[in-house]
Amino acid sequence: MVDAAGRRLVLSGASVYLVDLQQSRLVDLLARDAPAGSSTLDIDGSLGGLAYRTQHTQRSRDGVTAWVPLIDGVERIGVLKITAPTLEPELLEACEALAGAVALLVVSMPTYSEALITHERSRAMTIQAELLWAFSPRARSAPGRSLPARSWNPPTTPAVTPSITA
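Keep in mind it's a predicted model, so treat the numbers as computed, not measured.

Conventions and cut-offs
- Residues numbered from 1 in each chain as written.
- Predicted model: local features only at pLDDT ≥ 70, side-chain atom pairs only at ≥ 80, totals over all residues.
- Heavy atoms only, no water.
- Helix = DSSP H or I, 4+ residues; strand = E, 2+ residues; numbered from the N terminus.
- Buried < 20%, exposed > 50% of the residue type's maximum accessible area, 1.4 Å probe, protein only.
- Areas by Shrake-Rupley, 256 points an atom, 1.4 Å probe, with all protein chains shown as cover.
- Arc of directions from axis to C-beta.
- Contact = heavy atoms within 4.5 Å.
- Pairing = 2+ DSSP bridges.
- Axes fitted to C-alpha atoms, helices over the stretch in contact; angles between N-to-C directions.
- Patch = residues over 30% accessible without salt bridge, like charges linked within 9 Å, V, L, I, M, F, W, Y side chains within 5 Å.
- Salt bridge = Lys/Arg side-chain N within 4 Å of Asp/Glu carboxyl O.

Structural notes on the overall build of the chain
Part 1: Per the secondary structure count, the chain includes 5 helices and 8 strands.
Part 2: Secondary structure elements of the chain, listed N to C terminal, follow the sequence α-β-β-β-α-β-β-β-α-α-α-β-β.
Part 3: A burial count over the chain gives 38% of its 166 residues as buried.
Part 4: Summed over its atoms, the accessible surface of the chain is roughly 10,200 Å², and 57% of this surface lies on carbon and sulfur atoms.

Pasting the structure below:
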C-alpha cells in the first residue's frame, strides 16, 4: 500500500522501517525473505537512524534517497525510506504527509495484527515482560501536557521471579 502511494507521488520506491523494542535497530517491515541483517539498520550508524533520532527528514548526498521519520504524537515509530529521481521540496512535503498517514496506520495495527508485534522484536520476551508490556500505556501526547509512557526496556532473557509469601 505504501509503495502504491509512493508511485502516485512519482517515487521510485518507498519502504517502511520500524524500530525494534530495544530501540537499537530499524527493521524493514516488508523484508520477510531478505537475508538476515540485510533488512535492518543500526540507529546509531545510519542515515535512517539519524532521521529517527533527530525527528527530521534526512537526504542522502546523491539527492535521490530521503529518510522521513514516522512519528505519532511524541512517539517515534520508525522511518519511511523514499527514493526518487529528484527530491524537490514539494515532493518531500508530500512524503512527510505520507509518513504521517503511515505512522497512523502502524500505530493502529497492533490491535488487529500479531505480525507487527512479533516483527518489532529482535529477541523473545519473558512471560512476565509480555504481561507488563501488554498492559503498560503507549506514549501519547496532549496539548500542554504529557501522559505516562512505556519508558523501560522489557526483559528478553529469563529472569528470576521473586516469590511472594502471604
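Description of helix α2 (residues 47–54)
The α-helix advances 3.6 residues per turn, and as a result positions three or four apart in sequence lie on the same side.
Part 1: Those residues of α2 lying buried are Gly-48, Gly-49, Ala-51 and Tyr-52. Down the axis of α2, the sector holding all buried residues measures 160°, keeping them to one side.
Part 2: Residues of α2 that are buried make contact with β1 (13–19), β2 (25–28), β3 (40–42), β4 (58–59), β5 (65–72) and β6 (75–83).
Part 3: Following α2 by one or two positions, Gln-55 has its phi on the positive side, about 60°.

Focus: the pairing of β5
One face of the sheet, then the other: side chains in a regular strand alternate in exactly this way.
Part 1: Among the 8 residues in β5, 7 count as buried, and that is most of the element.
Part 2: In the sheet, β4 pairs with β5 via 2 bridges, with the strands oriented antiparallel. Looking at β5, one finds that Arg-59 is bridged to Ala-66.
Part 3: Relative to β6, β5 runs antiparallel, the two sharing 8 bridges. Counterpart to Ala-66 in the pairing with β6 is Ile-82.
Part 4: Joining the antiparallel neighbours β5 and β6 is a turn of 2 residues, in which Gly-73 adopts a positive phi near 65°.

Quick look at the environment of Val-79
Part 1: Counting through the fold element by element, Val-79 comes out in strand β6.
Part 2: Its relative accessible area of 0% is what places Val-79 among the buried residues.
Part 3: Along the primary structure Val-79 and Gly-48 are separated by 31 residues, whereas in three dimensions their C-alpha atoms are 6.6 Å apart.

A word on the sheet that holds β6
Part 1: Taking strand neighbours across the sheet as the criterion, the 6 strands line up as β3-β2-β1-β6-β5-β4 in an open arrangement whose pairing is antiparallel. Either end of the sheet is taken by a strand with one partner, and the two such strands are β3 and β4.
Part 2: The pairing of β2 with β3 spans 3 bridges and is antiparallel. Looking at β3, one finds that Leu-26 is bridged to Leu-41.
Part 3: Lying on the sheet, α2 is in contact with β1, β2, β3, β4, β5 and β6; it crosses β6 at an angle near 140°.

Section: a nonpolar patch on the surface
Part 1: There is a patch of nonpolar side chains on the surface, built from Ile-127, Leu-131 and Phe-135 and spanning about 400 Å² of accessible area.
Part 2: Along the chain, the position of Leu-131 falls in helix α5 (residues 127–135).

Digging into unusual backbone geometry
Part 1: Despite not being glycine, Val-10 has its phi angle at roughly 70°, a positive value.
Part 2: Mapping Val-10 onto the fold places it in the loop between α1 (2–8) and β1.
Part 3: Judged by its relative accessible area of 60%, Val-10 is exposed.
Part 4: For Gln-55, which is not a glycine, the phi torsion comes out positive at approximately 60°.

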